[in-house]
Amino acid sequence: FKIQTGDRFRTAIGCMGNNLGCSVVFQLNYRADGGSVQNLGTWTEVYDKSINKIDIDLSPLAGKSVEFILTVYNNGNSVDDNAFWLLPRVMR
């Protein structure tokens, strides 16, 4: 995806409802112009009945072709680790 000045990566993350033992780590990485993988952000989420909104300015990557890598890891025991990325997108 070719990034332009002013582009923003937006999403919401969280644990699915009634998964009381949910504890996960979300990681947003990218690869620009075929280079090495770089990190844009890491967030730890537990089940707390809330959603964490993510809004990242991508302007420093303007002019580059970027591949996004969205990952979720368990944070210990994987029981109840049902998590989501809600509508991940680049906004212009």
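Now for a look at the structure at hand.

1. Observations concerning the environment of K2
Moving on, step 1. By secondary structure assignment, the location of K2 is in the segment before β1 (8–15).
Moving on, step 2. Residue contacts for K2: discarding those within four places in its chain leaves D7, G63, K64, S65 and R92.
Moving on, step 3. There is a polar contact of 3.2 Å between the side chain of K2 and the backbone oxygen of G63.

2. Quick word on the state of the cysteines
Moving on, step 1. Tallying each qualifying case throughout the model produces 1 disulfide.
Moving on, step 2. Across the disulfide, C15 is cross-linked to C22 (sulfur-sulfur distance 2.1 Å). Between C15 and C22, the S-S dihedral sits near -70°, and the bridge is therefore left-handed. Accessibility assignment for this pair places C15 and C22 in one class, buried.

3. Quick word on the side chain of N29
Moving on, step 1. You can see N29 is positioned in strand β2 (residues 23–32).
Moving on, step 2. Within the structure, the side chain of N29 is placed 3.1 Å from the side chain of Q27, a separation counted as a polar contact.

4. Structural notes on the nonpolar core
Moving on, step 1. Counting residues in each nonpolar core, the largest one holds 19 residues, and the members touching the most others are L28, W43, I56, L58, V66 and F68.
Moving on, step 2. By residue number, the principal contributor to this core is β2, which donates 5 residues.
Moving on, step 3. When residues no more than four places from it in sequence are discounted, the contact partners of F68 are I3, F9, L28, N29, Y30, L40, L58 and V90.

5. As for the pattern of salt bridges
It is possible for side chains bearing opposite charge to pair when their charged atoms get close.
Moving on, step 1. Counted under the stated rule, the structure contains 5 salt bridges.
Moving on, step 2. Residue D7 pairs with R92 through a salt bridge whose shortest N-O separation is 3.0 Å. Taken together, the residues D7 in the segment before β1 and R92 in the segment after β6 (83–91) connect sequence positions 85 residues apart.
Moving on, step 3. Between R8 and D57 there is a salt bridge, and its shortest N-O distance comes to 4.0 Å. Here R8, found in strand β1, pairs with D57, found in strand β4 (residues 52–57); they are 49 residues apart in sequence, far enough to count as distant.
Moving on, step 4. Using a relative accessible area of 25% as the deciding quantity, one classes R8 as partly exposed.
Moving on, step 5. Salt bridges sharing common partners tie together R8, R10, D55 and D57.

Thresholds applied
- Residues numbered from 1 in each chain as written.
- Predicted model: local features only at pLDDT ≥ 70, side-chain atom pairs only at ≥ 80, totals over all residues.
- Heavy atoms only, no water.
- Helix = DSSP H or I, 4+ residues; strand = E, 2+ residues; numbered from the N terminus.
- Contact = heavy atoms within 4.5 Å.
- Polar contact = N/O pair within 3.5 Å; in protein donor to acceptor, adjacent residues only side chain to side chain.
- Disulfide = S-S within 2.5 Å.
- Buried < 20%, exposed > 50% of the residue type's maximum accessible area, 1.4 Å probe, protein only.
- Core = buried A, V, L, I, M, F, W, Y, C linked by side-chain atoms within 4.5 Å.
- Salt bridge = Lys/Arg side-chain N within 4 Å of Asp/Glu carboxyl O.

From the geometry alone we can't say anything about function, so treat these as descriptive.
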